[in-house]
Amino acid sequence: MDKIIALLFVICYYPALSQDTSFASTGNPIIRHKFTADPAAMVHNGKVYLYTGHDQAPPRHNGYQMHEWLVFSSSDMVNWTEHAVPLRVKDFTWAKADAWASQVIERNRKFYWYVALEHGSIEGKAIGVAVSDSPTGPFKDARGSALVTNDMTKAATIRWDDIDPSVYVDEKGQAWLFWGNTACYYAKLKDNMTELDGEIKTISLPKFTEAPYIHKRNGWYYLTYAYEFPEKTAYAMSRSLEGPWEYKGFLNEIAGNCNTNHQSVIEFKGKWYFIYHNGALVPDAGSFHRSVCIDYLYYNKDGTMKRVAMTSEGVPSAR
Ligand code: FUB
């Protein structure tokens, strides 16, 4: 009997542990065999790499249970490959829980993955960074310690203000880290991408909740973020990452059946994409069983962004 149970265990878990598996999305949500959250996408060598959290809570459980991050890749935004699990909370020996929102960026042929987790010995959430030679991993802790801890930031008094890292390398090669909950923090990163360089500053944004994300188009920087709670997505624009940022209003409405919205923005094969999550995969999925969706993003002539139209159909194959 023990042998049969062991065999079943191997059959059920083998693909997730060590094999790439492929699927075609049939609309939104794009991933339907597991709950995925907090998307952050990166374009590299003609492919989109989609990094997500993994909502692993039992059905109807209220609260996040997230132990690992996932990576998917695609050449057309419809046909996806899921790669072996590239990073887990347990890969950070100093952390104890909560594989929360994250973002990956390439620098000098290495891939750096900035993640939010619960610190094991310093009260509150923290930001860690993992590194790999490949966009699909395996990734390993790049420091052996947190990059940002709750005792380093004072603009918000809550214990979860050091979450949701977003990273951007500007045209001068300067890397910047943005993060926060209720306070939006930012700081320069050293060239090694694993240390802060100088003071931590804050950006004042109307009803900032969390999920700052930076992208650039035609000389404008866009800082999209989760507004209020339940979250809409709002944004500000600036000619410089150091501001001043001008608030421009809403980009996306509250995502269906879900308190959070967590967005990522990329350009791929000449089109712009808004990637987010909702709670629409199964009835009553809700805020702790989320799923990633993709829709188009459009701009006005003055560079402002049009409100996103969330669809069930999602996006067709990118050519
Ligand atoms: O997934 C956990 C938290 O929920 C993220 O860090 C936030 O952005 C929100 O999506």
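Computed from a prediction, not measured in an experiment: that's the story for all the values here.

### Observations concerning the nonpolar core
And step 1. Of all hydrophobic cores here, the largest spans 34 residues; its most connected members are Leu-50, Met-77, Trp-80, Ile-266, Tyr-273 and Leu-297.
And step 2. Elements that contribute at least two residues to this core include exactly strand S3 (47-54), strand S4 (68-74), strand S19 (232-238), strand S21 (264-268), strand S22 (271-278) and strand S23 (291-297).
And step 3. Residues contacting Trp-80, with those up to four places away along its chain left out, are Thr-21, Ser-22, Phe-23, Ser-25, Ile-30, Val-48, Leu-50, Phe-72, Ser-73, Ser-74 and Ile-294.
And step 4. Within the second largest apolar cluster, 25 residues are counted, among which are Val-89, Phe-92, Val-115 and Ala-130.

### Details of the site of the ligand
And step 1. Every residue near the ligand is listed here: Asp-38, Tyr-64, Met-66, Trp-100, Ala-101, Asp-164, Glu-210, Thr-260, His-262, His-277 and Arg-290.
And step 2. Note that an oxygen atom of the ligand is positioned 2.8 Å from one of the side-chain N or O atoms of Arg-290.
And step 3. For the ligand, the accessible surface in isolation is 280 Å², of which the surrounding protein chains cover 99%.
And step 4. A molecule is said to occupy a pocket when more than half its atoms come within 2 Å of that pocket's grid points, and by this definition the ligand occupies the second largest pocket.
And step 5. Residues of the shell around the ligand, tallied by class, amount to 4 nonpolar, 3 polar and 4 charged.

### Description of the pattern of salt bridges
And step 1. Under the counting rule described, the total for this entry stands at 16 salt bridges.
And step 2. Where Arg-88 meets Glu-68, a salt bridge forms, and the shortest distance between an N and an O atom there is 3.8 Å. Residue Arg-88 is located in strand S6 (residues 87-88), and its partner Glu-68 is located in strand S4; the two are separated by 20 residues in the primary sequence.
And step 3. The partner of Lys-190 in a salt bridge is Glu-195, with the nearest N and O atoms 3.6 Å apart.

Thresholds applied
- Each residue is numbered by its place in its chain's sequence as written, counting from 1.
- Restriction of local features to residues with pLDDT of at least 70 applies here, the model being predicted, together with a cutoff of 80 or more for giving and counting side-chain atom pairs; totals for whole chains, interfaces and linings are based on all residues.
- Hydrogens are left out, water is left out, and the side-chain values use all remaining heavy atoms of the structure.
- As used here, the term nonpolar core means buried Ala, Val, Leu, Ile, Met, Phe, Trp, Tyr and Cys residues forming a set that is joined through side-chain atoms within 4.5 Å.
- Between buried and exposed lies partly exposed: a residue is buried under 20% and exposed over 50% of the maximum accessible area for its type, with that area taken using a 1.4 Å probe on protein chains only.
- Here a strand is any run of E in DSSP of at least two residues, a helix any run of H or I of at least four, and the numbering for each starts at the N terminus.
- Contacts are assigned to residue pairs that have any heavy atoms within 4.5 Å of one another.
- We call a residue near a molecule or strand when any one of its heavy atoms sits within 4 Å of it.
- Side-chain atoms alone can form a polar contact between residues adjacent in sequence; in general such a contact is a pair of N or O atoms within 3.5 Å, and within protein one must be able to donate a hydrogen while the other accepts it.
- Computed with the Shrake-Rupley method and a 1.4 Å probe, the accessible areas treat only the protein chains shown as cover for residues.
- A cavity, in this analysis, means grid points on a 1 Å lattice covering only the protein atoms where a 1.4 Å probe fits yet has no way out; a pocket is instead an open set bounded by protein on both sides within 12 Å along at least five of seven lines, and a residue lines either one if it has an atom within 4 Å of a point.
- A molecule is said to be in a cavity or pocket once over half of its atoms fall within 2 Å of that pocket's grid points.
- In this classification, Asp, Glu, Lys and Arg are treated as charged, Ala, Val, Leu, Ile, Met, Phe, Trp, Tyr, Cys and Pro as nonpolar, and every other residue, Gly included, as polar.
- Within this document, salt bridges are pairs made up of a side-chain nitrogen of Lys or Arg and a carboxyl oxygen of Asp or Glu, the two lying within 4 Å of each other.

Geometry only, nothing functional implied.
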